[in-house]
Amino acid sequence: MKSYHRELWMNIPERMGFENITRDVESVLRESGIREGLCLVNAMHITASVFINDDEPGLHSDYRKWLEELAPHEPLSRYRHNLTGEDNGDAHHKRQIMGREVVVAVTGGKLHFGPWEQIFYGEFDGRRRKRVLVKIIGE
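Description of the structure in this document. (Residues numbered from 1 in each chain as written. Predicted model: local features only at pLDDT ≥ 70, side-chain atom pairs only at ≥ 80, totals over all residues. Heavy atoms only, no water.)

By the definition in use, this model includes eleven salt bridges. Among the salt bridges present, the one from Asp-90 reaches Arg-15, with a minimum N-O distance of 3.4 Å. With a gap of 75 residues between them, Asp-90 in helix 3 (residues 89-98) and Arg-15 in the loop between strand 1 (2-10) and strand 2 (17-20) connect regions that are remote in the sequence. By relative accessible area, which is 0% here, Asp-90 ends up buried. (Salt bridge = Lys/Arg side-chain N within 4 Å of Asp/Glu carboxyl O. Helix = DSSP H or I, 4+ residues; strand = E, 2+ residues; numbered from the N terminus. Buried < 20%, exposed > 50% of the residue type's maximum accessible area, 1.4 Å probe, protein only.)

On to the packing of aromatic side chains. In total, this model carries six aromatic pairs according to the counting rule given. Ring plane angle 90 degrees and centroid distance 5.6 Å describe the contact between Phe-18 and Phe-51, whose orientation is recorded as edge-to-face. Of this pair, Phe-18 sits in strand 2 while Phe-51 sits in strand 4 (residues 48-53), placing them 33 residues apart in sequence. Phe-51 carries the same exposure label as Phe-18, and that label is buried. Through a chain of ring-to-ring contacts, the aromatic side chains of Phe-18, Phe-51, Tyr-63, Trp-66, Phe-120 and Phe-124 assemble into a single cluster. The ring of Trp-9 carries Arg-129 above its face, with NZ or CZ at 4.2 Å from the centroid. (Phe/Tyr/Trp six-rings, centres within 6.5 Å; stacked < 30°, edge-to-face > 60°. Lys NZ or Arg CZ within 6 Å of the ring centre and 35° of its normal.)

The values reported here are purely geometric and, on their own, carry no functional implication.
If you want it as structure tokens, here you go:
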């Protein structure tokens, strides 16, 4: 069994945003030479997420609205975490809701998706560089 990994670097200029990273992950898969196996894509920061869904702008807008309703950024006093001097208590909750990582089957050297599935990086405390780990195992 082979193993291959690479880190992708993200820099979302807004506090919250979503970026389709499917092509980046596909590129790492091609570099790996692995044809059959599993591909893990993992946000390496506690206020960011990786998830799979449709690449449709209305859905992404709905996510922003829904997440802000569930865990609003303000008032900052809402979160005990912010008493540490941080202002990102909401971002930790948003990441928990959206998830840390995804695993996608690799079949015939390609990501084995269902219809419309794409991989996204979700940022909830942006404006600085953050990492995403792509780890592929297989043959």
